Amino acid sequence: MVFFYPKASTPGCTAEACDLRDNFEKFKANNFALLGISADSAKAQAKFIEKYDLPFPLLADEDKEVIKAFGVWGPKKFMGKEYDGIHRTTFVIDENGIIEEVIENVKTKDHTSQIL
């Protein structure tokens, strides 16, 4: 499973990462591997992992190559302003690399139940 999130250590991203962390054993029991990706620096990702004791890797995609390859970069709106950014999206990928499901309407505090 690959989940894209806008920015490490922000409220929504922290809620999502901590929900996944708190249910990590359920993912392992169902043979899921988790990988989080954002455009943050490797240093910011490392701090995020350390601060919240995240048991899964986070990829620093500062050049946005993977983010754009998955099609999750584009126009967003926040408080009336438009800007380009990462759309919070999760891809459930099987062991053969086939995308089984795309979750676009991620509920940050209850993302585990959306996936499982």
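Preceding block: the structure.
Residues numbered from 1 in each chain as written. Predicted model: local features only at pLDDT ≥ 70, side-chain atom pairs only at ≥ 80, totals over all residues. Heavy atoms only, no water.

A closer look at the overall build of the protein
Part 1: Along the protein, the regular secondary structure elements total five helices and seven strands.
Part 2: If you list the helices and strands of the protein from N to C, you get β-α-α-β-α-β-α-β-β-β-β-α.
Part 3: Dimensions of the protein, computed from the C-alpha atoms along their principal axes, are close to 40 × 30 × 25 Å.
Part 4: Within the protein, the fraction of its 116 residues that count as buried is 40%.
Part 5: Looking at the protein alone, contacts between residues at least 24 apart form 51% of all its contacts between residues at least 6 apart. (Helix = DSSP H or I, 4+ residues; strand = E, 2+ residues; numbered from the N terminus. Buried < 20%, exposed > 50% of the residue type's maximum accessible area, 1.4 Å probe, protein only. Contact = heavy atoms within 4.5 Å.)

A word on the sheet that holds strand β2 (residues 35–38)
Within a sheet, each strand pairs with its neighbour through backbone hydrogen bonds, oriented either parallel or antiparallel.
Part 1: Spatial strand order, β3-β2-β1-β6-β7: five strands in an open sheet with mixed pairing. If you trace the sheet from one side to the other, it starts and ends with β3 (58–60) and β7 (99–103), each paired once. Averaged over all adjacent pairs, the angle separating strand axes in this sheet is 20 degrees, with direction ignored.
Part 2: Pairing of strand β6 (residues 89–93) with β7 involves four bridges; the strand directions are antiparallel. (Pairing = 2+ DSSP bridges. Axes fitted to C-alpha atoms, helices over the stretch in contact; angles between N-to-C directions.)

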